[in-house]
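Survey of secondary and tertiary structure
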Amino acid sequence: MLCSNEYNKLKKYFKKKKILFLICKRDFKLRKERYFSLCVILSIILSPILCNNKLLFRKNDLNYAVPAGDMDDPVPNPAVNVGNLQDGAYTYTGADIVVYDYGIHIDSYVTVVVIDDGLLKNEWKALEQNPEANVNIIGFVTNFTYGGENCTEYITNPNDSLLEYQEEHGHGYAVISALAAVARDVKVIFIDLKIKNDIYGFEYGDYKIWDWIDNNQASKDIDIISWSWVMRENFTENTSIHQKWASLLDKNVIMLTAAGNYYTYLNARWGHEYKYQSYYSEWYSVGSINHETKGNYEYKDYKSAFSAWYEASTEGNHIVNWLEPGNGIPILNDSYYDTQEQCWRGEWIYGVGTSFSTPYLAAIVALIITGYHAGLTSSTDPSLQKVIEILLYASSRDTFDQQMRYGYVDAYSAYGKAYYEGVLAR
Amino acid sequence: MIKSSNKFLTITLIFQILLLPISSVNGYQPVIDSRVSKINEITPNISGPYQPNSTLFGIEVEVEILNRDNKSQTVIELTDLNSYAFINASFVNQSLQLDLLSYGAAIIRQYSYKPGITTEYNLMKFYINQSGLTYLPDGNYTLWRPILFINSSGNITEGESLSTIISINDGNMNITYGSFNYQVPIEDDNNLDINDQTTETINSPFTESLLIISLLSCVIVIWRKKTKMK
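Structural notes, computed from the coordinates. (Residues numbered from 1 in each chain as written. Chains lettered and ligands numbered in written order. Predicted model: local features only at pLDDT ≥ 70, side-chain atom pairs only at ≥ 80, totals over all residues. Heavy atoms only, no water.)

A closer look at the overall build of chain B
Along chain B, the regular secondary structure elements total two helices and 15 strands. Looking at chain B residue by residue over its 230 residues, the buried ones come to 48%. Summed over all atoms, the accessible surface of chain B reaches about 11600 Å², with 54% contributed by carbon and sulfur. (Helix = DSSP H or I, 4+ residues; strand = E, 2+ residues; numbered from the N terminus. Buried < 20%, exposed > 50% of the residue type's maximum accessible area, 1.4 Å probe, protein only. Areas by Shrake-Rupley, 256 points an atom, 1.4 Å probe, with all protein chains shown as cover.)

Some remarks on helix H10 (residues 240-250) of chain A
Residues and elements named next belong to chain A. Among all positions in H10, only Ile241, Lys244, Trp245, Ser247 and Leu248 are buried. Along H10, the residues classed as buried sweep out an arc of 160° about the axis, all on the same side. Turned more than 90 degrees away from the buried face of H10 sit Gln243 and Asp250, all of them exposed. The elements touched by buried residues of H10 are helix H9 (207-220), strand S6 (222-227) and strand S8 (254-258). Residue Asn252 follows H10 closely and has a positive phi angle near 65°. (Arc of directions from axis to C-beta. Contact = heavy atoms within 4.5 Å.)

Describing the environment of Ser83(B)
Residue and element names in this part refer to chain B. Mapped onto the fold, Ser83 is located in the loop between strand S4 (80-81) and strand S5 (86-91). Residue class for Ser83 comes out buried when judged on its relative accessible area of 5%. Along the primary structure Ser83 and Leu123 are separated by 40 residues, whereas in three dimensions their C-alpha atoms are 6.1 Å apart. When sequence neighbours within four positions are dropped, the list of residues in contact with Ser83 reads Asn122, Leu123 and Met124. Among the polar contacts listed, one links the side chain of Ser83 to the backbone oxygen of Ala85, at a separation of 3.1 Å. (Polar contact = N/O pair within 3.5 Å; in protein donor to acceptor, adjacent residues only side chain to side chain.)

Topic: the packing of aromatic side chains
Applying the stated criterion to the full structure yields 33 aromatic pairs over all chains. Taken together, a centroid distance of 5.5 Å and an interplanar angle of 85° make the contact between Phe91(B) and Tyr141(B) edge-to-face. Remark: Tyr141(B) occurs in strand S10 (residues 139-144) and Phe91(B) occurs in strand S5; sequence separation between them is 50 residues. Residue classification places Tyr141(B) among the buried residues on the basis of a relative accessible area of 0%. Here the aromatic residues Tyr204(A), Trp210(A), Trp227(A), Trp229(A), Phe235(A), Trp245(A), Tyr276(A), Tyr279(A), Tyr280(A), Trp283(A) and Tyr103(B) are joined through ring pairs into a cluster of three or more. A cation over a ring is seen here: Arg269(A) above Trp270(A), with NZ or CZ 4.5 Å from the ring centre. Positioned above the aromatic ring of Tyr279(A), the side-chain terminus of Lys275(A) is 4.1 Å from the ring centre. (Phe/Tyr/Trp six-rings, centres within 6.5 Å; stacked < 30°, edge-to-face > 60°. Lys NZ or Arg CZ within 6 Å of the ring centre and 35° of its normal.)

Focus on the pattern of salt bridges
All names here are of chain A. A complete count under the given rule lists 20 salt bridges over all chains for this structure. Residue Glu421 pairs with Lys417 through a salt bridge whose shortest N-O separation is 3.0 Å. You can see Glu421 and its partner Lys417 sitting in helix H13 (residues 411-424), four residues apart, about one turn around the helix. Of the two residues examined, Glu421 and Lys417, each falls in the buried class. (Salt bridge = Lys/Arg side-chain N within 4 Å of Asp/Glu carboxyl O.)

Describing the sheet that holds strand S5 (residues 187-192) of chain A
Residues and elements named next belong to chain A. Pairing in this open sheet of eight strands is mixed, and the strands run S4-S3-S5-S2-S6-S8-S11-S12 from one edge to the other. Whereas interior strands pair on both sides, the edge strands pair on one side only; in this sheet they are strand S4 (149-155) and strand S12 (320-325). Along the sheet, successive strands turn relative to each other by an average axial angle of 25°, direction set aside. Inspection of the sheet shows strand S11 (residues 284-289) paired to S12 by five bridges, in the parallel sense. Counterpart to Gly287 in the pairing with S12 is Leu323. (Pairing = 2+ DSSP bridges. Axes fitted to C-alpha atoms, helices over the stretch in contact; angles between N-to-C directions.)

Observations concerning the packing of helix H11 (residues 354-376) of chain A against H13(A)
Residue and element names in this part refer to chain A. H13 packs onto H11 with a crossing angle of 30° between their chain directions and a minimal axis gap of 6 Å. Between H11 and H13, the angle is such that the two are roughly parallel. For H11 against H13, the interelement crossing comes out right-handed. Seen from H11, the contacting residues are Ile364, Leu367, Ile368, Thr370, Gly371, Tyr372, Ala374, Gly375 and Leu376; seen from H13, they are Ala411, Ala414, Tyr415, Ala418, Tyr419, Glu421, Gly422 and Val423. For the contact of H11 with H13, the class distribution of residues is twelve nonpolar, four polar and one charged. (Parallel < 35°, antiparallel > 145°, perpendicular 65-115°, else oblique. Left-handed = near helix turned anticlockwise from the far one by under 90°. Nonpolar A, V, L, I, M, F, W, Y, C, P; charged D, E, K, R; others polar.)

Things to note about H9(A)
Along an α-helix, residues three or four apart share an orientation, since each turn contains 3.6 residues. Residues and elements named next belong to chain A. Given a rise of 1.5 Å per residue, 14 residues ought to cover 20 Å, and the 19 Å separating the end C-alpha atoms of H9 matches this to within 8%. At Asp214, H9 shows its largest bend, some 30°. All of the buried residues in H9 are Ile209, Trp210, Trp212, Ile213, Asp214, Asn216 and Gln217. Capping the start of H9, Asp206 holds a side-chain oxygen 3.0 Å from the backbone nitrogen of Lys208, two or three residues further along. Where H9 ends, the next residue or the one after it, Asp221, has phi of about 55°, a positive value. (Expected span 1.5 Å × (residues − 1). Bend = angle between axes of the 7 residues up to and from the residue.)

Describing the nonpolar core
In summary, soluble globular proteins display a tendency toward joint burial of nonpolar side chains. All names here are of chain A. Core analysis: the largest hydrophobic core is formed by 122 residues, its most contacted members being Val186, Trp210, Ile213, Ile224, Ile225, Ile254 and Leu391. Per element, the largest residue contribution to this core is eleven residues, and it comes from H11. With residues near it in sequence (within four places) discarded, Leu391 still touches Ile254, Trp322, Leu361, Val365, Ile368 and Val409. (Core = buried A, V, L, I, M, F, W, Y, C linked by side-chain atoms within 4.5 Å.)

Overview of unusual backbone geometry
Apart from glycine, the bulk of residues carry a negative phi angle, and the bulk of peptide bonds sit in the trans form. In the segment running from Tyr276(A) into Gln277(A), the intervening peptide bond is cis, with an omega of 15°. Note on placement: Gln277(A) falls in the loop between strand S10 (272-273) and S11. Of note, the phi angle at Asn53(B) is positive, near 60°, even though the residue is not glycine. Counting through the fold element by element, Asn53(B) comes out in the loop between strand S1 (32-44) and strand S2 (55-67).

Section: the packing of helix H12 (residues 384-393) of chain A against H13(A)
Residues and elements named next belong to chain A. H13 packs onto H12 with a crossing angle of 140° between their chain directions and a minimal axis gap of 9 Å. Between H12 and H13, the angle is such that the two are oblique. Taken as a pair, H12 and H13 cross one another with a handedness that is right-handed. Across from Lys386, Ile390 and Tyr393 in H12, the residues of H13 making contact are Ser413, Ala414, Lys417, Ala418 and Glu421. Taken together, the residues of the contact of H12 with H13 break down into four nonpolar, one polar and three charged.

Considerations on the pairing of S5(A)
Residue and element names in this part refer to chain A. Burial of S5 is extensive: six of the six residues sit out of reach of the surface. Across the two faces of S5 the burial is the same, with Lys187, Ile189 and Ile191 and Val188, Phe190 and Asp192 all buried. Where strand S3 (residues 136-146) and S5 come together, five bridges link them in parallel fashion. Pairing of Ile137 across the sheet is with Val188, part of S5.

In structure tokens, the structure reads:
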């Protein structure tokens, strides 16, 4: 039973709810009835609210904001923001100073291998002709079975009929465009994965990928491998793939992979850890840093909320080594023929994910090798150890942190250091 | 008579106060639900990355995504996986293990789902650690499609993923599909724009009965008041 004090409190509470108040006010002397009336009415009011789950039951909310406010939005004025690298994603690392102010393009002795879903002929052409930023795709490697025989094909012509049957594509196109923005004119070899409904391509983790890269490393002058994918299981049970990786490391090839977007330790989600290739010590793993504040749970200069993290120290070597902007990176979407400019091009939109942090770092490594060549006045490549030294020198952090790793690599600082190291090595 | 009426009302109220939260959980209907709605094909020895001493199976499934709201909802994929549907298993032969082949591009994508049910297709590939299998071994297989969406506060929220169970006993297969507890809205022939006025949540019968009890109690209270005033 309610005492008069409690009733007064209730009365005050429902002051604005005049209808309730009037109902309660009536028949004031019969407290039991009033109590029943109030409870019944409250039940009636609360039932639908509780049942619709709008107020109380939010236990499955991940407390995790949408990654970026501008995800998939068009990049405004791409000629300036991408062409002149004035977007915050580039000015953050000083890439604008190296590439736009100093006009540094990647020399012809640097080749990046990108392993991804597929590439249409129009996407290939757009990546080579896009007016804001472009690359030089020197080859497309795929795998198929013909007449019972397994064949690996190296295609150099974007009009090749094989490219007409690419079921899965678009991600690779976006990744190479992120590379193109910083590493202008860089030579690219595309390794085609067989994904979902693809008729051909290499199976994920196929030994033949590594056999081809290793066998062609010298002739194609391959320096960097960029792989923006994650895998939940160990695909190297037989040691042959590890042997190929070891061989590539001996040839000073740096292998970069995405840390993953499941915002957890070891990139875990739904009971699985999507930690490979990051979990292999041969690979350098790249997470995402916020180059500006985007979203409720995002902080500038800190790891993007979605970016996965790994070991607490470098001892296990299963770590994320660096963070690069991946929270709103200009990428190409669609491809079309621009009749006015008479070229193939795409629409620049903002992409989100460690998929794009990875080619960003690959582009900085391409600048490092180009800077070293320029300082040395020769096409002799720096050793892998020298490249890592330069990356650590240009890192925003001196010490390793589980969340922040070595921070981001400053492109301006990295290029300058590489040039200087080249001069010293003359 | 008055005393028994009071008792009835007291019991009713206690009943409601104690059970309303439980009924609300039962009546909870997430905005986005997902379920594996059909098993199209089960293929042993499907093409894929080789693993020694294992058989690679493929199961092609139809997946339904239900948006209960009356406006489009944004579903977010933190990784573009080769299959968004998942599977695990408990085998009669306990030495067997299922290992889902799952990989994806580390790109965050968002998709808009209209009100009502959207059907998609997924091909799950998984290894069972025994070579040369030509059919699924005896056991229970659970299939589901986890899903995240952006709620009205702008946060990523987990939708409800209903499980579909494949039971295999002595080679006989029995499939139990998860159910949405959802009535497909009846199409109005005069209004082709069905997406603007579809879907309404259906609360559990238990919650509905409580509401009826509440209304009855209210009627009794008002009736008694009126009787006394006379």
